[in-house]
Amino acid sequence: MSIFHSMNTTASALTTQRLRMDVISSNIANVDTTRAKQVNGEWEPYRKKSVILKEQEGQFSSFLNTAMGKTVKSGAGNGVKVSSIKDDTETPFKLVYDPAHPDANDDGYVQMSNVDVLKEMVDLISASRSYEANITAFNANKSMLTKALEIGKG
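Below is a summary of the structure that appears in this document. (Residues numbered from 1 in each chain as written. Predicted model: local features only at pLDDT ≥ 70, side-chain atom pairs only at ≥ 80, totals over all residues. Heavy atoms only, no water.)

## Thoughts on the overall build of the protein chain
Inclusion rule: Per the convention used, a helix needs a DSSP run of H or I reaching at least four residues, while a strand needs a run of E reaching at least two, with both numbered from the N terminus. Only protein chains enter the accessibility calculation, which uses a 1.4 Å probe; a residue whose area is less than 20% of its type maximum is buried, one above 50% is exposed, and one in between is partly exposed. Contacts are assigned to residue pairs that have any heavy atoms within 4.5 Å of one another.
The helix and strand tally for the protein chain stands at three helices and six strands. Its helices and strands taken in sequence order, the protein chain reads α-β-β-β-α-β-β-β-α from the N to the C terminus. Across the 154 residues in the protein chain, those meeting the buried criterion constitute 25%. Taking the intrachain contacts of the protein chain between residues at least 6 apart in sequence as the baseline, contacts between residues at least 24 apart amount to 63%.

Rendered as structure tokens:
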């Protein structure tokens, strides 16, 4: 394991949290989009996107088991990465009564995005706090490495 291993782990977390914030921002920006893409010749509203994260190289669980005193054959964790960005197909679109809207159906209802702005804001705050915590960890690691180099000099 290199001396920069913890910096690489933290950098992977920073990258994934930044992508999470970008996807959340996209969700919020498209909350009123009624024509995002065509499906079977019909326009469909914007679907909420979610970032799916996973551990890099499958080693976090072995690191956790080692830390908990369980015997495993592998070493330290390697960070986190984005495995995919998925559309939310579970949550239905919202129906809003607006007969003057160009996308209104015969009953006057418009299908709106399935993005819940309140949930997105909570997720955005969570991603932002995680990003800040990783910056703090990165700076602490950088400081420790600098002090170790100073000790080695003199």
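Still more ground to cover, so stick around.
## Some points on the side chain of Glu44
Threshold: By the criterion applied in these results, polar contacts are pairs of N or O atoms within 3.5 Å in which, for protein atoms, one can donate a hydrogen and the other can accept it, and in which residues neighboring in sequence qualify only through two side-chain atoms.
By secondary structure assignment, the location of Glu44 is in strand β2 (residues 42-44). By relative accessible area, Glu44 is classed as buried at 12%. Of the polar contacts made by the side chain of Glu44, one reaches the side chain of Arg47; its length is 3.2 Å. Those residues in contact with Glu44, other than ones at most four positions away along the chain, are Thr34, Arg35, Ala36, Lys37, Val39 and Phe93.

## As for helix α3 (residues 117-153)
Threshold: Every helix has an expected span of 1.5 Å times one less than the residues it contains.
The end-to-end C-alpha distance of α3, which contains 37 residues, comes to 54 Å, matching closely the 54 Å that a straight helix rising 1.5 Å per residue would cover. All of the buried residues along α3 are Glu120, Ala127, Asn134, Asn141 and Leu145. Against the buried residues of α3 lie α1 (5-29). Two or three places before Leu118, at the start of α3, stands the capping residue Asp116, its side-chain oxygen 3.2 Å from that residue's backbone nitrogen.

## Side note on the side chain of Arg20
Note the cut-off: Asp and Glu are treated as the negative residues and Lys and Arg as the positive ones, with His and the ends of the chain left uncounted. Salt bridge, as applied in this entry: a Lys or Arg side-chain nitrogen positioned within 4 Å of an Asp or Glu carboxyl oxygen.
One can find Arg20 in helix α1. Buried Arg20, no salt bridge; nearest opposite-charge side chain is Asp123, N-O distance 4.7 Å. Setting aside residues no more than four positions away along its own chain, Arg20 makes contact with Val51, Leu53, Asp123, Ser126 and Ala127.

## Looking at the pairing of strand β6 (residues 109-112)
Short version of the rule: The pairing criterion for strands is at least two bridges between them, as found by DSSP.
The alternating pattern of β6 places Val110 and Met112 on a buried face and Tyr109 and Gln111 on a face that is not buried. As judged from the four bridges shared by strand β5 (residues 94-97) and β6, these two strands associate in the antiparallel manner. Each residue of the ladder has a partner; that of Leu95, found in β6, is Gln111.

## Quick word on the environment of Ala29
Structurally, Ala29 can be placed in helix α1. In this structure Ala29 comes out as exposed when scored by relative accessible area, which is 62%. C-alpha separation for the pair Ala29 and Val115, spaced 86 residues apart in sequence, amounts to 9.8 Å.

## A closer look at the pattern of salt bridges
Considering all chains together, one arrives at seven salt bridges under this definition. Across the salt bridge formed by Arg47 and Glu44, the nearest N and O atoms sit 3.2 Å from each other. Assessed through its relative accessible area of 17%, Arg47 is described here as buried. Each of Lys37, Lys49 and Asp87 takes part in a single network of salt bridges with overlapping partners.

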